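# Analysis of the macromolecular model
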Amino acid sequence: AHDIDGQLTEMLLSEEDIHAKLAELARVIEIDYADKNVLLVGVLKGAVMVMADLVRELRIHANMDWMAVSSYGSGTQSSGVVRILKDLDTDVTGRHVLIVEDIIDSGLTLSWLQSNLVTRGAASVEICALLRKPDAAKVAVDVKYLGFDIPNQFVVGYGLDYAEKYRNLRGVGILAPHVYS
Ligand code: PRP
Ligand code: MN
Ligand code: MG
């Protein structure tokens, strides 16, 4: 029970895979946001690792702020109900916002969040997500900076949890069905 790696059926992405991809995305983001003082908005809690690694790759000025919006609790399925658990400290009026997320699953969280921030008067609201499950999409999300498309399986690690566990794995893996069934 203490060997958390042993509760995965397959490792999808290593720490190295993730860091290489974030470096690649950072090179594009640096160009797109040169002199724009980008506001990175991380979505707690899953996006903590992506934010920490992405922001340190950037060689431009970048502010950070955080929101907690939860679409579901400790289960494995999105409900579509989005609640703000913690709002931004920053006034986004006129700001160039880049939402940083770990994963686009149904897309409900990000489509809601993007329109919410547009409504507040941001100059632009784009999305950077490390992972996307194309086969789980319920609504289309226009993601500008995407790391990897992955299969529609229950993945954990690098910020992604199952019942608040596994976030501290360095890579991303598929959770063994016996853990949640
Ligand atoms: C997960 C994940 C994304 C969202 C994606 O967060 O981190 O934020 O779900 O799902 P969706 O595309 O179906 O909306 P969760 O609500 O589990 O909160 P957490 O980040 O604190 O784990
Ligand atoms: Mn999340
Ligand atoms: Mg979660």
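As the structure is a computational prediction, the values presented were derived from the model and not from experiment.

### Some words on the pairing of strand E5 (residues 96-104)
Of all the 9 residues making up E5, 8 are buried; the element is thus mostly covered by neighbouring parts of the structure. Note that strand E2 (residues 38-44) and E5 share 4 bridges and pair parallel. In the strand pairing of E5, Leu-40 is matched with Leu-98. One ladder, built from 8 bridges, connects E5 with strand E6 (residues 124-132); its direction is parallel. Within E6, the residue paired with Val-97 across the bridge is Val-125.

### Here we look at the environment of Asp-161
Relative to the assigned elements, Asp-161 resides in the loop between strand E8 (155-156) and strand E9 (172-175). Under the C-beta neighbour-count criterion, Asp-161 is labelled partly exposed, with 17 such atoms within 10 Å. The spatial distance from the C-alpha of Asp-161 to the C-alpha of Lys-45 is 9.1 Å, given a sequence separation of 116 residues.

### Digging into the nonpolar core
Formed by 46 residues in total, the largest nonpolar core has its most connected members in Leu-40, Val-97, Ile-99, Val-100 and Cys-128. Apart from the residues lying within four places of it in its own chain, the contact partners of Leu-40 are Met-51, Val-55, Ala-62, Asn-63, Met-64, Leu-98 and Val-100.

### What about helix H3 (residues 108-119)?
Helix length check: H3, at 12 residues, gives a terminal C-alpha distance of 17 Å against a target of 16 Å (1.5 Å per residue), a fit within 8%. Tucked inside the fold, the buried residues of H3 contact E2, strand E3 (62-70), E5 and E6. Gly-121 sits one or two residues past H3 and shows a positive phi near 95°.

### Topic: the pairing of E6
Among the 9 residues that make up E6, 7 are buried, leaving the element largely enclosed by the rest of the structure. The handedness of the E5 to E6 crossover, carried by H3, is right-handed. Here E6 pairs with strand E7 (residues 145-149) via 4 bridges, running parallel. Note on E7: the bridge partner recorded for Cys-128 is Tyr-145.

### Focus on the sheet that holds E9
In sheet architecture, strand pairing relies on hydrogen bonds along the backbone and comes in two forms, parallel and antiparallel. Across the sheet, which stays open at both edges, the 3 strands sit in the order E1-E9-E8 with antiparallel pairing between neighbours. The two strands at the open ends of the sheet, each matched to only one other strand, are strand E1 (8-13) and E8. As paired elements, E1 and E9 share 4 bridges and run antiparallel to each other. Looking at the pairing, Met-11 lines up with Gly-173 of E9.

### As for the confidence of the model for the protein
When pLDDT is averaged along the protein, the result is 94, and 93% of the positions lie at 70 or above. If you check the scores for this complex, the pTM reads 0.94 and the ipTM reads 0.98.

Thresholds applied
Residues numbered from 1 in each chain as written. Chains lettered and ligands numbered in written order. Predicted model: local features only at pLDDT ≥ 70, side-chain atom pairs only at ≥ 80, totals over all residues. Buried ≥ 20, exposed ≤ 12 C-beta atoms within 10 Å, placed from the backbone. Helix = DSSP H or I, 4+ residues; strand = E, 2+ residues; numbered from the N terminus. Pairing = 2+ DSSP bridges. Core = buried A, V, L, I, M, F, W, Y, C linked by C-beta atoms within 7 Å. Contact = placed C-beta atoms within 7 Å. Expected span 1.5 Å × (residues − 1). Right-handed = clockwise from strand over helix to strand, strands pointing away. pLDDT = per-residue confidence, 0-100.

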